[in-house]
Amino acid sequence: MIRKSLALLIRALRVDARSIRPHLMRFGLVLIVLYLLWFSSSVSSFFGAPGLALFRSIAWANIVFITLVGVTYFSSAVTEEKEERTLGLLKMADVGGAAILLGKWAPRMVGMLSLLIVQIPFTLLSITLGGVTLEQVLATYAGLLAYLAWVGAVSLLSSVVMRTTGAACVMAFMLLLARAYGPLLMPLFELIGGGSRTVELGEGNQVVDFLWSASVSALVEGALSPMFAGPRVPMHLLWMLGESAAALFLAWVLFEPCTSAESVESAQPTWRKLVPSLGKPRSRRAWTMALVGKDFRQITGGQAGGMLRLAVYSLIAFVSVLLASSTGALLDRRDAGGFFVWWGIVFLILDAVLASARVFRAEVHDLTWSSLMMLPRGLADVAFSKIVGCLLGLWPGIAMIAAGLLLAPDFLGAAIRDIFFNADTVMGWLYGLLQVLLVLELTMLFSIAMRWAAWPLAVPLAAGVVIAANVLIWTCLAMILFPMPGASAQFVLWLLCVVDAAVVLAIGVMIAGRLQRLAAEGT
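Residues numbered from 1 in each chain as written. Predicted model: local features only at pLDDT ≥ 70, side-chain atom pairs only at ≥ 80, totals over all residues. Heavy atoms only, no water.

(A) Fine view of the packing of aromatic side chains. Per the counting criterion, the structure on display carries 7 aromatic pairs. Here Trp343 and Phe347 contribute two aromatic rings whose centre-to-centre distance is 5.3 Å and whose plane-to-plane angle is 20 degrees, an arrangement assigned as stacked. In this pair, Trp343 and Phe347 both sit in helix 16 (residues 333–358), 4 residues apart, roughly one turn of the helix. With relative accessibility at 29%, the residue Trp343 sits in the partly exposed group. One cation-aromatic arrangement involves Arg108 over Tyr73; the distance from NZ or CZ to the ring centre is 5.3 Å. (Phe/Tyr/Trp six-rings, centres within 6.5 Å; stacked < 30°, edge-to-face > 60°. Helix = DSSP H or I, 4+ residues; strand = E, 2+ residues; numbered from the N terminus. Buried < 20%, exposed > 50% of the residue type's maximum accessible area, 1.4 Å probe, protein only. Lys NZ or Arg CZ within 6 Å of the ring centre and 35° of its normal.)

This is the structure:
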């Protein structure tokens, strides 16, 4: 088993060394560290312990990076073999499940470790700036490494259970959220079960406190706190490593039952196995607009998928209202409506981003885009039909917003008054809308431009590019324009909106050109 795993490891490391994409990712992470170093040195005169502030920001940047990139990177370990139909070849070569899992997990761990190691020399500069010691730096990186192992193990388990990379990413993110916020919900279950009318989340329960302390945020903040007790291995760190080992063991146990299908098409989706009636279409007749109906069903799940998402979204909004009321806050109907409105906006954007990542990627991956372009319809007509089909699938988020407005009808009136009678609010909403459009278009562009883990990686990459650009732009503006007397923030925001609109148009032209080239190449 070790020899076969080493063969897979060596091959993966060679591919990683010869590809330009991993090197660009390492270079981008170093640029983020250098930007944080520059920003900390610029504001060091305004705050105490600049080294501590620098290293804390670097640690949290690493947590976000491991969460977004790690989930998409490890979730494709087994699903890429399922999608390419090469998993059976590995089994025919007498490569067992344990060897496959180890050979897929180890090179990805080495690649992610290199991303952390490459920034250590720069992070040591935080010791020079003051406020943090070498022991705290090492303890923080120990917590980050344990979190990386946990993310890799859970994502590998998701890659074994699910049949596609996208589904594995969704499952891994759900498990991550359950582990991060599950301990905080345990007192809520006690409240529902007949406990006190109010609960203090995270207090008075030893199990909740221990699980919360075994999270990466608690480990990092504990290492950077003034009460840090020095170099030692905390029990919470060992617990996180134990969870990783348990996830890897479960992935090995479930490998054969979950990979016994001969092909991806013969494996039924997990949600259809659980609810078979929802997986049966009510009618086999195509819509009048065939492309619109196809994307509405395949990309957004159709009516059954929309109903399931609406139920999950409503449950999340209801739990958030229940959590807010359980802490002793007095909530009325307007407050509950506000929760539903804002959750509806979040889910609407999330569905839109996921749909934009898959709208053209499905055709490119299945090699049907060139055939689709042979229809007597232009590129704009085909693209518009597919986008309309995805827009129809956004109705659960719109329904959430409508339900919130029914609970709080004055909420809409107040928003309309702010929009029409406050110029700053108008520009703010316009700027936010343009940022969302940028994320959608970049996600669409990355999903058809990348070959590996295209649409799961396109979403965090597009969001990261837009967030990094906004941070850089607003940091420069805060240091250059706003201290100047007479500088108009409204004019600057208007100028940024004009630039963003031009960028949106330019990216749209790039997407159209890319789709035309893919059609000409027969891809």
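(B) Looking closely at the pattern of salt bridges. Applying the stated criterion across every chain yields a total of 7 salt bridges. For the salt bridge of Arg179 with Glu243, the shortest nitrogen-to-oxygen distance reads 3.1 Å. Here Arg179 is found in helix 9 (residues 165–192), whereas its partner Glu243 is found in helix 12 (residues 235–258), with 64 residues between them in sequence. There is no split in this pair, since Arg179 and Glu243 are both buried. Residue Asp351 pairs with Arg309 through a salt bridge whose shortest N-O separation is 2.9 Å. Note that Asp351 is positioned in helix 16 and Arg309 in helix 15 (residues 302–326), a separation of 42 residues in sequence. Classification of Asp351 as buried rests on a relative accessible area of 8%. Connected via shared salt-bridge partners are Lys294, Asp295, Glu363 and Lys386. (Salt bridge = Lys/Arg side-chain N within 4 Å of Asp/Glu carboxyl O.)

(C) Summary view of helix 12. Between its first and last C-alpha, helix 12 extends 33 Å over 24 residues, near the 34 Å set by a 1.5 Å rise per residue. Those residues of helix 12 that sit buried are Leu237, Met240, Glu243, Ser244, Ala247, Ala251 and Phe255. (Expected span 1.5 Å × (residues − 1).)

(D) Broad picture of the nonpolar core. Ranked by internal contacts, the top residues of the largest apolar core, which has 50 residues, are Val78, Met112 and Tyr147. Considering each element in turn, this core owes the most residues, 13 residues, to helix 8 (residues 134–161). Tyr147 has contacts with Ile63, Ile66, Thr67, Leu176, Val216 and Met240, leaving out every residue within four places of it along the chain. If you look at the next biggest cluster of nonpolar residues, it comprises 35 residues, including Leu442, Ala458, Val466 and Leu515. (Core = buried A, V, L, I, M, F, W, Y, C linked by side-chain atoms within 4.5 Å. Contact = heavy atoms within 4.5 Å.)

(E) Quick look at the confidence of the model for the protein chain. The share of residues in the protein chain with pLDDT of 70 or more is 77%, and the mean pLDDT across the chain is 76. When pLDDT is averaged over each element of the protein chain, helix 8 comes out on top at 89 and helix 13 (residues 270–274) at the bottom at 46. Below pLDDT 50 for its whole length, residues 194–204 participates in 19 contacts with residues either more than four positions away or in separate chains. Within the model, pLDDT remains below 50 along residues 262–281, and this stretch shows 15 contacts once partners closer than five positions in the same chain are excluded. (pLDDT = per-residue confidence, 0-100.)

(F) Inspection of a nonpolar patch on the surface at higher detail. Nonpolar side chains collect at one region of the surface, where Ile117, Ile120, Leu124, Ile127, Leu134 and Leu138 lie side by side and expose about 480 Å² of accessible area between them. Mapped onto the fold, Ile117 is located in helix 5 (residues 97–117). (Patch = residues over 30% accessible without salt bridge, like charges linked within 9 Å, V, L, I, M, F, W, Y side chains within 5 Å. Areas by Shrake-Rupley, 256 points an atom, 1.4 Å probe, with all protein chains shown as cover.)

(G) Region of the structure containing the environment of Val341. In this fold, Val341 is placed in helix 16. Classification of Val341 by relative accessible area gives buried; the value is 5%. In this structure the C-alpha to C-alpha distance between Val341 and Gly404, which are 63 residues apart in sequence, comes to 4.9 Å.

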